[in-house]
Each structure stands twice: as C-alpha cells, then as structure tokens.
Amino acid sequence: MGIGPGGSVLVLAQRRAGGGLCRSSGALLTLARRLGAPVGVLCGPPEGDAASLGRYGAATVYTVADSRRHPTGVAVEALAVLARRLAPAAILIAAGREGQEVAARVAVRLDSGIVTDAVDIRPGPDGPVAVQCVLDRSYRVESSVVRGVPVFTVATRSVAAREAPVDPVVRRLAVRPAAGVREVRRIAPVGAPAPRRPDLATAAVVVAGGRGVGSRDSFRLVDQVAEALGGAVGGSHTATQLGWCSPEAQVDVVGRVVHPRLYLALGISGSVRHRAGMRAAATIVAIDRDPAAPIFAVADLGVVGDLHEVVPELLAEIRRRRTTDGVNGTFGGAA
Amino acid sequence: MERRLGVRVVVLVKHVPCAAGAPGHAGFAADLRLDRAGRPGQLNEADEFAVDQALRVALRRRDVQITAVTMGPVRAVEALRRALVLGADQAVHLLDDRLRGCDALATSRVLAAAVTRLGFDLVLCGTASADSGMSVVPAMVAERLGVPVLCDADALTVRESTVEIHRDDGAGPEALAADLPAVVSVTGRCGEPRYPRLAATLEARYRPVRTWTLGDLGIDPAEVGRERSATVVRTVTPRRDGGTRVLVDGDPTSVAIRLADFLAERQFL
C-alpha cells in the first residue's frame, strides 16, 4: 500500500521503560501509512529513536523535550499544537493506560471524536474507518469520526509492523509546560521492584492451581510461577479443600473475587463458581489437560497439555529471557 | 481540620446492564446503539470500588462529604441507591431525555458541569464501565475541569492537600502524586468493598437524591445528545468465533515459548 489519500497522520511513539521504542510504534506507523504521510511525535531525548521511526515510514519526526515530572501532559500539549498546525487526517496512539489518557485529553482539547481500542484502521470514503471488537469480542464494530481530527487508540497486538524505510526530517518542538496546578508528580521511579508478594485481592498478577496440579508437592510449581511473575498465589475450591494451599487463597465467589491484569490458571477446569471469581481479569491464560475444560471458554490463551511438563519449560524460558535481557519484544526485533 | 468546607468527594457512578449469564445476552438495537432495554441493571462494579475508596477517605478524616453522581435514564437511580447504601451521603441524578445517545465527549461535559456545580476537592470513579469500557471519561472530565488526573489507581491515599496513588500498568509499579483538587480513577485492585451494614442499608433510603436537568447545569441541549455525537457507527457484525481466543497444544518446549511470547507481548515478562 503506497501513500494513502494525502494529508499527514500524527503518530505518538511510545517508549519502553527500559529505553528504546515500543513495538507498537512500528505497528501504528504501518497503519498510518494507509491514511496518509505519517508524522512521528517523540517525547523525550531523541537518541537513535527518530531513525527507528523512519524505518517504518515516518518522513517527519517531531521531538519534544519531555519532563519526566508530568508523564502525559507534554504529549497532550505536543499533539494538540501539532494537530492545529498540520490539520492531520488522524491521530494514532497506542492503546493502554497512558495512551488512553493522552487520547482522551487531546480529544477534549480539539473537540474531536475518539474511537478507542481499534484493532484495525483503513481509509473510507469520508475519513478513516476504525474497527473495534466489543462486548467480550463477540461483535465487530466499524465506526468513523464525524467531527474534528479523528483520534484513535489502537490495540496494536494484531497489527503486523511492516518496514518502509525513509530518512526522517527531525524537527524540534517546544511546548509550554502544563500549568503548575495541573502537574502530576512521579514520586517513585518506574521499575522499582514490588516490595513483597502482593495480596491476592489487590494483586496485578494471580497464578492459581487446581485439581490438575495433582499433589501438594506439585503445587510448588504454582508458587514458582507466581514468584517468577511477581504475582500472588491462588487456588481453586478443590486445591484449598485438599490442603494444597491455604484457605485464604481460594479464588471463587465464596473466597476471593480477583481483578488482576493477568490470571494464570494451572490445572483448573473452571467451574461456574471459579469463573465467577476471576472473570474480571484483563488477560486470562489457562493450562489444562482436558481440551473441553470450561476454563478455555474464558481464556485469551489456552494451552492443552500436562502442566507438569509445560510449567518447568515455561520457568526455564522466563529465566532465559531474563538473563539475555529480552531481545524479543523490542522495536527492531518485532517486524 | 483546617479546610473550611472539609473534603468534598464526588463519586461518578454508572448504571450498567447486569453481566449475569453469557455475554451473548447483550446485543445491539436497530439504531446500532447497545441494547440496554429490558435488561436488569446494577451499579458498575468498578464504581463500587470507587464509592468504597471515598468511604475510606472519610474514615481517615471526619469532615468528608461524599456525593454520588450518575447520568442516565430513570432506572439509573438504582445505581445511586446502591451507592448510598455503600456509604455515599447524598446523590445527584442527571436526568434529561435530550441526553440520550451522548458520546464520551458530551458525557464528560455534562459530568464536569455537575461536578463544578457541586464543588469538589476529589473526584473518584471506576477505571472503566462494564458495558462500553472506553475508560476515557475520567481523563476527559479532568481535562474539562482543568485539574490533574491520576488514572488506574491500585491504591489511593488522600493527604491534607495532595492525593497519592500507586499503580502498575505493565511498565512497573510507580507512585504518583498530585495537588487537590484532582480526578482519580480506581481499579478493582484497590480492595474489595466492604459489605454494608443492615443499618446503613435502611438509613440509605432517607438520604436525598436530587435530579438535575440540562437547564440546571446550564448546558445548551444542542451541545449534547445523539445528534451532537462526534463518532458514528457504520456497521455491527456478530463474530462467530468469539474473538481471538487461542488454544495451543504440542510439545511442551514450543508451547512454553509460545506462552512466554504471549506474556512478553503483554509486558508481563
């Protein structure tokens, strides 16, 4: 797909905590090329990142001096200023907590329509059309923006980044820092280690085991995965009844209802009561021997197999990635 | 306490269709809006957490007034009743036929107007609603009010003139602070709401629920509603496969690598 129907498309590049650019930036630029000429917006010191954006077709890159003290304010200012200056065909931002906040505030500033968590974007007869999967992903909805510069947040997971190298023109953009009263201060650094094993009800990651774990000894595998992911340990009704884990760790309507970002179910078939206790998890991964287990109906990723074989391999793989400092998932390696 | 008026906490809540049963229950109406008619509703679960957090602020300092605000049809008052049972002192229902079909921009405009009229030191809300899940309204309200926003708080501490939160959005845990007044959205990880006492349930019936219309808020009806929506839905198609759920099997090593890739992609590794 060549250069689309003209106009520029603003793409907010996202940085990874460890440095370098997020994989999502390449995917966003790939989508942006369908709509027009992509313009990258980079907050913070440019380093080599402007060139990385060029690799995916950003002919122009605006760099904005970032203040770490207001994580999103600078991005909002920059996008609002550039949107007024360039009148772009669309603004693309990676979905996620920070992206959602920036997009929401930019939409209010510009009084523009916003579509969140798009899985695909394509040009339409009257402006870009965004595709969303809603209501537990059971419906596919196509919508377009009829007022202002369309603001889209994109779930880039399903978008493959394709390279289209250009040599970007890098421009500096000075934005006025947000007024002092609206300042958000970071009081502890990103990446600070979690103080201790989190409490089950408030944990961001929960690893739970059920009857399929097989024995109290094997339940150590559940502990080890929780340790590796910095999560809390949970257990199904059966696991707690058999004494494999403490009764406080029971995840279901009678025990704890959990709301983690990741729920990893090991050897849990997924009874109605159990599913009621963990449905709210943002991402659900299940490992079980029975391909017909009801847990797979709610799992984003289901692994059919013996957890006693898969989990040690998973632990080894996690260790391997930690020690080689993850080549996978970086900006360059993902294309 | 030094503050003349104490801490005024406004909790934004939403009445959503019950999640009971399979998601297949929900569907779209002929005008491509979510069909909420005929479905029992309840207070959005994430908002229950927000009301409870407001109550925790009130336990730490006595001069706190908690107001629950919702925008929605007549039935949405059920959500306010629930919020009152959970501990809100009073409630405001933004009820107007012309508000039907509001998009996020218009919703945030109406909510911001109501919050301004009430006066506030802290606005609390749930991170996302169960039925639409846009999760942009908190940030939009803050932008309109001209105050800082702290989204997705896993823990919340209100001090004399600042609010501090902890959150973990995948990039690692971080702690943030902002001066009051501010908007904070809380996740389901901030702690299970306490079960209300029977006395609170009975007493809640006598707490006031006010009803405000667009006129009370001073908003031009042309600024809100379905006609003013900045987005239009072109098509809605049911998906048979139920989305991107993947089932993998095979030899343990390749499965484990696949699993690690999945976790790394979502920043859990």
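The rules behind the values
Residues numbered from 1 in each chain as written. Chains lettered and ligands numbered in written order. Predicted model: local features only at pLDDT ≥ 70, side-chain atom pairs only at ≥ 80, totals over all residues. Heavy atoms only, no water. Phe/Tyr/Trp six-rings, centres within 6.5 Å; stacked < 30°, edge-to-face > 60°. Lys NZ or Arg CZ within 6 Å of the ring centre and 35° of its normal. Helix = DSSP H or I, 4+ residues; strand = E, 2+ residues; numbered from the N terminus. Buried < 20%, exposed > 50% of the residue type's maximum accessible area, 1.4 Å probe, protein only. Contact = heavy atoms within 4.5 Å. Salt bridge = Lys/Arg side-chain N within 4 Å of Asp/Glu carboxyl O. Buried area = accessible area lost by both parts, 1.4 Å probe. Polar contact = N/O pair within 3.5 Å; in protein donor to acceptor, adjacent residues only side chain to side chain. Pairing = 2+ DSSP bridges. Core = buried A, V, L, I, M, F, W, Y, C linked by side-chain atoms within 4.5 Å.

Let us look at the packing of aromatic side chains. Geometrically, a pair of aromatic rings is defined through the distance of the ring centres and the angle of the planes. All told, the structure shown has zero aromatic pairs over all chains when counted by the stated rule. The aromatic ring of B:Trp212 is capped on one face by B:Arg117, whose charged end is 4.3 Å from the ring centroid.

A few words now on the environment of A:Gly54. Residue and element names in this part refer to chain A. For Gly54, the position within the fold is in helix H2 (residues 49–55). Residue class for Gly54 comes out buried when judged on its relative accessible area of 0%. Discounting residues that sit within four places of it in the chain, Gly54 has contacts with Ala164, Pro165, Val166 and Pro168.

This part covers the pattern of salt bridges. Summed over all chains, the structure comprises 26 salt bridges over all chains. Among the ionic pairs, A:Glu77 bridges to A:Arg109, the shortest N-O distance being 3.2 Å. Here the residue A:Glu77 occupies a position in helix H3 (residues 73–86), and A:Arg109 occupies one in helix H4 (residues 97–110), the gap between them amounting to 32 residues. Taking the relative accessible area as the measure of exposure, A:Glu77 reaches 15% and is therefore buried. Judged by relative accessible area, which is 24%, A:Arg109 ranks as partly exposed. A salt bridge links B:Arg228 to A:Asp111; the shortest N-O distance between them is 3.2 Å. One end of the pair, B:Arg228, is in the loop between helix H6 (214–217) and strand S13 (231–238); the other, A:Asp111, is in the loop between H4 and strand S5 (114–118), on a second chain. The structure contains a network of salt bridges with shared partners spanning A:Glu77, A:Arg97, A:Glu98, A:Glu101, A:Arg105, A:Arg109 and B:Glu143.

How big an interface is tends to be stated in terms of accessible area lost as the parts join. Taken together, the contact between chain A and chain B spans 82 residues of the former and 81 residues of the latter. Taken together, both faces of the contact between chain A and chain B bury some 7,400 Å²; the carbon and sulfur share is 59%. Taken as a group, A:Arg97, A:His259 and A:Arg261 account for 10% of the area that chain A buries against chain B, more than any other trio of residues on that side. On inspection of chain A and its partner chain B, the count reaches five salt bridges. Between the two partners, chain A and chain B, sit 17 residue pairs in polar contact (both at pLDDT 80 or more). Relative to S13(B), strand S8 (residues 139–145) of chain A runs antiparallel, the two being bridged by seven bridges. Within S13(B), the residue paired with A:Ser144 across the bridge is B:Val232.

Attention shifts here to the nonpolar core. With 38 residues, the main nonpolar core has B:Val9, B:Val11, B:Leu124, B:Leu150, B:Val163, B:Val184 and B:Val186 as its most contacted residues. Ranked by residues supplied to this core, first place goes to helix H2 (residues 77–86) of chain B with six residues.

What follows concerns the environment of A:His308. All names here are of chain A. Within the secondary structure, His308 is located in helix H9 (residues 307–323). In the structure, His308 is positioned 215 residues away from Ile93 in sequence and 41 Å away in space, judged by C-alpha atoms. Excluding residues that lie within four positions of it along the chain, His308 makes contacts with Gly212, Val213, Ser218 and Leu221. Within the structure, His308 has its side chain in polar contact with the backbone oxygen of Val213 (distance 2.7 Å).

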